[in-house]
Amino acid sequence: MMTDGMDQVRSLAEQKYKYGFITDIEADVAPKGLSEDTIRFISAKKNEPEWLLEWRLRAYRLWLNQVEPRWAKIHHAPIDYQDSYYYSAPKTKDGPKSMDEVDPKLLETYEKLGVPLHERAILAGVAVDAVFDSVSVATTYKGKLEELGIIFMSMSEAVTKHPDLVRRYLGSVVPYSDNYFATLNSAVFTDGSFVYVPPGVHCPMELSTYFRINAANTGQFERTLIIADKGAYVSYLEGCTAPMRDENQLHAAVVELVALDEAQIKYSTVQNWYPGDENGKGGIYNFVTKRGACRGRASRISWTQVETGSAITWKYPSCILQGDDSVGEFYSVAITNNYQQADTGTKMIHIGRNTRSQIISKGISAGHADNTYRGLVRVLPKAEGARNHTQCDSLLIGNHCGAHTAPYIESRNPSARIEHEATTSKISEDQLFYARQRGMSSEEAVSLIVNGFCRDVLQHLPMEFAVEAQKLVGISLEGSVG
Amino acid sequence: MPMATNNEAPLLEIRNLRAKVEGREILKGIDLTIPAGEVHAVMGPNGSGKSTLSYVLAGRDGYEITDGTVLYRGRDLLALKPEERACDGIFLAFQYPVEIPGVTGFNFLKTAVNSVRRHRGESELDAMQFLKLVRKKAADLGVGEEMLKRAVNSGFSGGEKKRYEALQMALLEPRLMILDETDSGLDIDALKVVAEGVTRMRSPERGMLVITHYQRILDYILPDRVHVLAHGQIAQSGGPELAHELERTGYAQYAGQAA
């Protein structure tokens, strides 16, 4: 029989997307569609060196002969790559030289998003490299970082100012030939963040980029590159929102991390792209390639992601554990509601000796959503003493959603120790009633239960963002439960 | 907002309450009045509708009310959502407390207490204030701090679960306490601890509905009135002596009645 509790939970799911406003700013756009001309246009706009244009063109020519991957458990109408704009920059006369020159409307947008851009950034101790559509508009906290020799700037700026570093590392973790979406990104990427932390430097603040897709029919193809030199440490947070639009927008980003000897990179994502409406109309297609190379001895890369948005999430932040004693970690919460689809997980490639990896994945599925964990743990012959532990939990809310787990394990070294644990559970009517009988609303109860379920992952987020993430977990599921 | 109440009205007034579960009528015209300050026991054989009565009063989904009224402090109780009833002071101690993996008792209880406080227009307690409150009440009921760090009811013994229910009752300070078969699964020592905790809460403003199959718990929570529930109706009412009588004679005399 139909029950009130379920209905309430369902109506929660229908609550409006909070970040669905559109900023009305004149944009400088490339002609619609994808061709070598588009790529030359982008490259010229950015005054790029010849080698980078060549790199883009090589990627583009390869991409023409590639086919979209079909192995993920996702369904969508064919994407028309010619029906999109590949470059969209807010029109300013000469580009802002300081915060005062930034379009107030932009700043307003960031304010609505809660990005601490102005002095608020300094109060919050967060350095923000804000990407608005394709161009970085403002970078805060630069001075303090410069003193330490830390480079934190937009990718375009880095190409000009630090061409050697960019050239040495760009594509070294995710080559332009890597996969369909990464190749597309290599051809048309417009901006993103670049971070370099010199040897022995412990970056004293969380670095943060706030991605936002604004212009209609614009794909966002940012490319982020983070290098932690020997003994360096950096923690980076990426947050994403996009306005509410009926059509689907493509987001195909690439993130590359490089950790040298004893370096540590912590990369945290809170992804809240527009998920589409309650009938599955609109929403972001999020096809992202994220990979970190633990190149040095005893280096460590840890990915923490909270994925609550997007119509489709296709994303496998991975670690290549090349250096002996290196450590890879993947902590993930993926929440799908209504008609969202997520196929996400990680790859841990053990190459060096005594490499260790840990995977904790929490998938939450509500409404008519499908949520798949797809992971690969591969131990190569020389990875003596490699260890992996995987914990993979799914939580179902209601009777119309799906949770799927596809773990792949390949070991070619007999000394490796690989553990995989998995559970599937459901928020029951009993649990909801119990909590409501103690005075909690359905929403509060669901949020409490789901946050409890995700606790092992959320505790890996930087403190400042953990609280935000907890709220987001509650909000994304408002209206979902059963 | 707390609901407007009529202080002259009885705490709970059930009139001709009929309810169906999955199309089958379980409650067939219940009449029961509990004035503030009194403890009423409802006894009856399995399947007589005891648990249904407690769930209907607490507002659980899946019960179709076909007739009758329930007034709580003079207001229509059946119009309220479960959480509104809880915030207005109705507490159900579950026969089978529900496990909630991953959610620590501390977090669960704090959220519950703050929900109720918010409803009453009181300020929410922060973690430190709550810790102070919960420590005191937990000690009275023999609930260790270690239990508060564990997930709600997860892996608790029968006795631990019931003490945990009593702790929640003490924290939420309800007006009407409904104890659904609280004695089931309890050894005599645990029963004493829980019953003492419940008895401590007796006051002129509070009322209690003790639902039980056995008389045993009524040795520790002394009732003012005892009602026999059989076939979805109150078949007999009397003083505390009725419970002892039932212990001797059993429920056989009510078999076949009011089908």
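Preceding this paragraph is the structure being described.
Thresholds, definitions, all that
- The numbering scheme is per chain: residues are counted from 1 as the chain's sequence reads.
- Chain letters and ligand numbers both follow the written order, the letters beginning at A and the numbers at 1.
- Whole-chain, interface and lining totals are the exception, using all residues; otherwise, since this is a predicted model, local features are given only for residues with pLDDT of at least 70 and side-chain atom pairs are given and counted only at 80 or more.
- The basis for the side-chain values is all heavy atoms of the structure; hydrogens and waters are excluded.
- Between any two strands, pairing holds if DSSP finds at least two bridges.
- Only DSSP runs of H or I reaching four residues or more are called helices, and only runs of E reaching two or more are called strands; each is numbered from the N terminus.
- Fitted lines through C-alpha atoms give the axes, limited to the stretch in contact for helices. The angle between two N-to-C directions lies from 0 to 180 degrees.
- When checking whether two residues touch, look at their non-hydrogen atoms; a contact exists if any pair is within 4.5 Å.
- By buried area we mean the combined loss of accessible area, with a 1.4 Å probe, across both parts when two parts are placed together.
- One speaks of a salt bridge when a side-chain nitrogen belonging to Lys or Arg is within 4 Å of a carboxyl oxygen belonging to Asp or Glu.
- Here a polar contact means two N or O atoms within 3.5 Å. Within protein one must be a hydrogen donor candidate and the other an acceptor candidate, and residues neighboring in sequence count only if both atoms are side-chain atoms.
- Think of it in three bands: with a 1.4 Å probe and only protein chains considered, a residue is buried below 20% of the maximum accessible area for its type, exposed above 50%, and partly exposed in between.
- Here a pair means two rings of Phe, Tyr or Trp (six-membered ring of Trp) with centres within 6.5 Å. Their orientation is stacked below 30 degrees between planes, edge-to-face above 60, and tilted elsewhere.
- Each ring is checked for a lysine NZ or an arginine CZ that lies within 6 Å of its centre and within 35 degrees of its normal; such an atom marks a charge sitting over the ring.
- Remark: nonpolar core denotes a set of buried residues (Ala, Val, Leu, Ile, Met, Phe, Trp, Tyr, Cys) joined through side-chain atoms within 4.5 Å.
- Each angle is binned into one of four classes, with values under 35 degrees roughly parallel, values over 145 roughly antiparallel, values of 65 to 115 roughly perpendicular, and all other values oblique.
- All residues other than Ala, Val, Leu, Ile, Met, Phe, Trp, Tyr, Cys, Pro, Asp, Glu, Lys and Arg, Gly among them, are scored as polar; the first ten of these are nonpolar and the last four charged.
- To estimate the expected span of a helix, subtract one from its residue number and multiply by 1.5 Å.

Asker: Can you tell me about the sheet that holds strand β6 (residues 90-93) of chain B, naming the residues and giving the values?
Answerer: Within a sheet, adjacent strands bond to each other through the backbone by hydrogen bonds, running parallel or antiparallel. All names here are of chain B. Strand order in the open sheet made by the six strands is β6-β9-β10-β3-β11-β12, with mixed pairing throughout. One side of each edge strand has no neighbouring strand; the edge strands of this open sheet are β6 and β12 (233-238). The average angle at which neighbouring strand axes cross in this sheet is 20 degrees, direction not considered. Relative to strand β11 (residues 225-230), strand β3 (residues 39-43) is paired through four bridges, and the arrangement is parallel. Considered in β11, the bridge of Ala41 is made with Val226. Each of β6 and β9 (176-180) touches helix α6 (residues 158-172); the most contacted strand, β6, lies at about 170 degrees to it.

Asker: I'd like a rundown of the interface of chain A and chain B, residues and numbers included.
Answerer: Buried accessible area, meaning the area lost when the parts come together, often serves as the stated size of an interface. Taken residue by residue, the interface counts 23 residues in chain A and 36 residues in chain B. Together, the buried faces of chain A and chain B total about 2400 Å²; carbon and sulfur atoms form 61% of this surface. Its largest share of buried area at the contact with chain B, chain A owes to Phe433, Tyr434 and Arg438 of chain A, together 32% of the area lost on that side. Inspection of the chain A/chain B interface yields four salt bridges. Of the charged contacts in the structure, one is a salt bridge between Asp430 of chain A and Arg60 of chain B, with a shortest N-O distance of 2.2 Å. Taken together, the connections running from chain A to chain B amount to 14 residue pairs in polar contact (both at pLDDT 80 or more). Among the secondary structure elements, those contributing two or more residues to the side of chain A that touches chain B are α1 (4-13), α10 (429-437) and α11 (442-458) of chain A. When residues in the side of chain A that touches chain B are grouped by element, the largest group, eight residues, is from α10 of chain A.

Asker: Mind laying out the environment of Ser157 of chain B, listing which residues take part and the relevant values?
Answerer: Within the element layout of this structure, Ser157 of chain B appears in the loop between β8 (151-152) and α6. Sequence spacing of Ser157 of chain B and Leu78 of chain B is 79 residues, and the spatial spacing of their C-alpha atoms is 34 Å.

Asker: Residues and numbers for unusual backbone geometry, please.
Answerer: Residues and elements named next belong to chain A. Its identity is not glycine, yet Asn338 carries a phi of approximately 50 degrees, on the positive side. With respect to the helices, strands and loops of the structure, Asn338 is situated in the loop between β17 (327-336) and β18 (341-350). A residue is classified by how much of its surface remains accessible, and Asn338, at 15% relative accessible area, is buried. For Asn354, which is not glycine, the phi torsion reads 50 degrees and is therefore positive. With respect to the helices, strands and loops of the structure, Asn354 is situated in the loop between β18 and β19 (356-365).

Asker: Please provide a residue-by-residue account of the packing of aromatic side chains, values included.
Answerer: Residues and elements named next belong to chain A. Summed over the entire model, instances satisfying the criterion amount to 25 aromatic pairs over all chains. Centroid distance Tyr60 to Trp63: 6.3 Å. Interplanar angle 25 degrees. Geometry classified as stacked. In this pair, Tyr60 and Trp63 both sit in helix α3 (residues 50-64), three residues apart, roughly one turn of the helix. Judged by centre distance (6.4 Å) and plane angle (85 degrees), the rings of Tyr285 and Phe287 are edge-to-face. One residue, Arg223, lies across the ring of Phe189, its end atom 5.9 Å from the ring centre.

Asker: Any details on the sheet that holds strand β2 (residues 24-34) of chain B? Residues and values, ideally.
Answerer: Residues and elements named next belong to chain B. Spatial strand order, β2-β1-β4-β5: four strands in an open sheet with antiparallel pairing. A single partner strand is all that each edge strand has here, and the edge strands are β2 and β5 (75-76). Here helix α1 (residues 50-58) sits on the sheet in contact with β1 (12-21), β2 and β4 (63-72), set at roughly 110 degrees to β1.

Asker: Give a detailed account of the nonpolar core, specifying residues and quantitative values.
Answerer: The biggest cluster of nonpolar side chains holds 111 residues, and the ones touching the most others in it are Ile364 and Val450 of chain A together with Ile14, Leu57, Phe108, Leu167 and Ile221 of chain B. Sorting elements by how many residues they give to this core places α11 of chain A first, with nine residues. Filtering out sequence-adjacent residues up to four positions away, Leu167 of chain B remains in contact with Leu109, Val134, Lys137, Ala138, Leu141, Val143 and Leu148 of chain B. Core analysis: the next-biggest nonpolar cluster, separate from the first, contains 31 residues, Phe152, Met205, Val255 and Ile265 of chain A among them.

Asker: Give a description of the packing of helix α3 (residues 105-119) of chain B against helix α4 (residues 127-140) of chain B that names residues and reports values.
Answerer: Residues and elements named next belong to chain B. Running from N to C, α3 and α4 point in directions that differ by 100 degrees, and their axes come no closer than 11 Å. Put simply, α3 runs roughly perpendicular to α4. Two secondary-structure elements touch here, α3 through Phe106, Leu109, Lys110 and Val113 and α4 through Ala127, Phe130, Leu131 and Val134. Here the residues of the contact of α3 with α4 sort into seven nonpolar, no polar and one charged.

Asker: Mind laying out α3 of chain A, listing which residues take part and the relevant values?
Answerer: Residue and element names in this part refer to chain A. Look at α3: 21 Å from first C-alpha to last across 15 residues, which is about the 21 Å you get at 1.5 Å a residue. Listed as buried for α3 are Trp51, Leu52, Leu53, Trp55, Arg56, Leu57, Ala59, Tyr60 and Trp63. Those residues of α3 hidden inside the fold are in contact with α2 (36-45), α7 (155-161), α8 (163-169), α9 (180-188) and β8 (223-228).

Spatial relationships are all this shows, so hold off on functional conclusions.
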